[in-house]
Amino acid sequence: MFEDIRGAASGFVLRWTVLCGLGLASGLAVGLGLAAPVEAVVGMMLVTPVTLALAGSMFGGAQWLALGRSPRFTSWVGTSGLGLGVGMTVGIVLVEMLGQALTGEPMRLLALDMLGRLGGLSFVGAFAGLGLGTAQWLALRPAAPMARRWIVLCVAGFGAGLPAGSLAAELVGGLQSPVGFAAFLGVAGLTLGVFTARSGAAIAAGLAPRRAD
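Residues numbered from 1 in each chain as written. Predicted model: local features only at pLDDT ≥ 70, side-chain atom pairs only at ≥ 80, totals over all residues. Heavy atoms only, no water.

1. Observations regarding the overall build of the protein
Okay, so step 1: On a plain count of helices and strands, the protein comes out with seven helices and zero strands.
Okay, so step 2: Helices and strands appear in the protein in the N-to-C order α-α-α-α-α-α-α.
Okay, so step 3: For the protein, with 213 residues in total, the buried portion stands at 44%.
Okay, so step 4: In the protein, once contacts between residues fewer than 6 apart in sequence are set aside, the share between residues at least 24 apart is 70%. (Helix = DSSP H or I, 4+ residues; strand = E, 2+ residues; numbered from the N terminus. Buried < 20%, exposed > 50% of the residue type's maximum accessible area, 1.4 Å probe, protein only. Contact = heavy atoms within 4.5 Å.)

In structure tokens:
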């Protein structure tokens, strides 16, 4: 019986991690691809949070699949989109405002040198994880009150994932190349998946129906 439990947990961890990588990569790719039509509808000021919210919804959808599409998490996809959209947008704005305050010139995160970009991405990732983790925790509370560490894990996962993805991108052509950008997104999502997989497995196990003795 214990071997079956360990096997199920290992299978969940692998599925969760892979789906996190695929979900973030496909979500941000679709979101950025729709940036132009989104801007035409909502305007330049809102295009970033809206496209990031679309990306977050796809990312949350991938995680929801890993959780077995539980009806107890009906708000998971929507809250994931809202949390990632708000959190990452705030992180990007704060980094660029801080850079402009320090240098006196407009700053763009991806235009920084390697060290500055890694630091900026860690900061943005922490805010993205804070927004995503808080929103998902609110969705988790009614069904899985044991997930109190979820916010911390999301902050750590995204805070490490975005700079790790940036380093991976440099090995295959940089962020400006399609392959490099895909590596950036995939590694960032996989890193978050690794950080949160064990807690996700515990949540999924708590949702599983208990067999009668």
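Don't stop here, the text continues.
2. Quick notes on the packing of helix α5 (residues 114–140) against helix α6 (residues 150–171)
Okay, so step 1: At a minimum axis separation of 6 Å, α5 and α6 run at an interaxial angle of 145°. Note that α5 runs across α6; the crossing there is right-handed.
Okay, so step 2: Among the residues making up the contact of α5 with α6, the classes are represented as 18 nonpolar, eight polar and two charged. (Axes fitted to C-alpha atoms, helices over the stretch in contact; angles between N-to-C directions. Left-handed = near helix turned anticlockwise from the far one by under 90°. Nonpolar A, V, L, I, M, F, W, Y, C, P; charged D, E, K, R; others polar.)

3. Examining a nonpolar patch on the surface
Okay, so step 1: Residues Leu-82, Val-86, Val-90, Val-93, Leu-94, Met-97 and Phe-123 make up a contiguous nonpolar surface patch of about 590 Å² in total accessible area.
Okay, so step 2: Take the nonpolar patch: its biggest share by element is six residues, from helix α4 (residues 76–103).
Okay, so step 3: Residue Met-97 is classed as exposed on the basis of its relative accessible area of 53%. (Patch = residues over 30% accessible without salt bridge, like charges linked within 9 Å, V, L, I, M, F, W, Y side chains within 5 Å. Areas by Shrake-Rupley, 256 points an atom, 1.4 Å probe, with all protein chains shown as cover. Salt bridge = Lys/Arg side-chain N within 4 Å of Asp/Glu carboxyl O.)

4. Observations concerning the packing of α4 against α5
Okay, so step 1: One can describe the packing of α4 onto α5 by two numbers: an axis separation of 7 Å at closest approach and a directional angle of 155°. The angle between the axes of α4 and α5 places the two elements in the roughly antiparallel class. As for how α4 packs across α5, the hand of that crossing is right-handed. Residue-level inspection shows Trp-76, Thr-79, Ser-80, Gly-83, Leu-84, Gly-87, Met-88, Val-90, Gly-91, Ile-92, Leu-94 and Val-95 of α4 in contact with α5, the latter providing Gly-120, Phe-123, Val-124, Phe-127, Ala-128, Gly-131, Leu-132, Ala-135, Gln-136, Ala-139 and Leu-140.
Okay, so step 2: Partitioning the contact of α4 with α5 into residue classes produces 15 nonpolar, eight polar and no charged. (Parallel < 35°, antiparallel > 145°, perpendicular 65-115°, else oblique.)

5. Quick notes on the side chain of Thr-51
Okay, so step 1: By the secondary structure assignment, Thr-51 is in helix α3 (residues 44–66).
Okay, so step 2: The buried category is assigned to Thr-51, whose relative accessible area is 7%.
Okay, so step 3: Other than its neighbours up to four places away in sequence, Thr-51 contacts Gly-31, Ala-35 and Val-38.

6. Observations regarding the side chain of Gln-136
Okay, so step 1: Tracing the backbone through its elements, the reader meets Gln-136 in helix α5.
Okay, so step 2: Among the residues examined, Gln-136 registers a relative accessible area of 0% and is labelled buried.

7. Some remarks on the pattern of salt bridges
Okay, so step 1: Under the criterion given, the structure shown has one salt bridge.
Okay, so step 2: Note that Glu-170 and Arg-117 form a salt bridge whose closest N and O atoms lie 2.9 Å from each other. Here the residue Glu-170 occupies a position in helix α6, and Arg-117 occupies one in helix α5, the gap between them amounting to 53 residues.
Okay, so step 3: Using a relative accessible area of 9% as the deciding quantity, one classes Arg-117 as buried.

8. Some words on the nonpolar core
Most often, soluble globular proteins have nonpolar side chains that are buried together.
Okay, so step 1: Counting residues in each nonpolar core, the largest one holds 40 residues, and the members touching the most others are Trp-16, Leu-67, Trp-76, Phe-158 and Leu-162.
Okay, so step 2: In contact with Trp-76, other than residues within four places in its own chain, are Trp-16, Gly-60, Gln-63, Trp-64, Leu-67, Gln-136, Ala-139, Leu-140 and Trp-150. (Core = buried A, V, L, I, M, F, W, Y, C linked by side-chain atoms within 4.5 Å.)

9. Quick word on the environment of Thr-196
Okay, so step 1: Relative to the helices and strands, Thr-196 is located in helix α7 (residues 178–207).
Okay, so step 2: When the C-alpha positions of Thr-196 and Ile-151 are compared, they lie 9.7 Å apart, and in sequence the two are 45 residues distant.
Okay, so step 3: The contacts of Thr-196, once residues within four sequence positions are left out, are Trp-16, Trp-150, Leu-153 and Cys-154.

10. A word on the packing of aromatic side chains
Okay, so step 1: In the structure shown here, the tally under the stated rule is six aromatic pairs.
Okay, so step 2: Taking the centre distance of 6.2 Å and the plane angle of 65° together, the rings of Trp-76 and Trp-150 count as edge-to-face. Of the two residues, Trp-76 is situated in helix α4 and Trp-150 in helix α6; the sequence distance between them amounts to 74 residues. For the pair Trp-76 and Trp-150, one class covers both residues: buried. (Phe/Tyr/Trp six-rings, centres within 6.5 Å; stacked < 30°, edge-to-face > 60°.)

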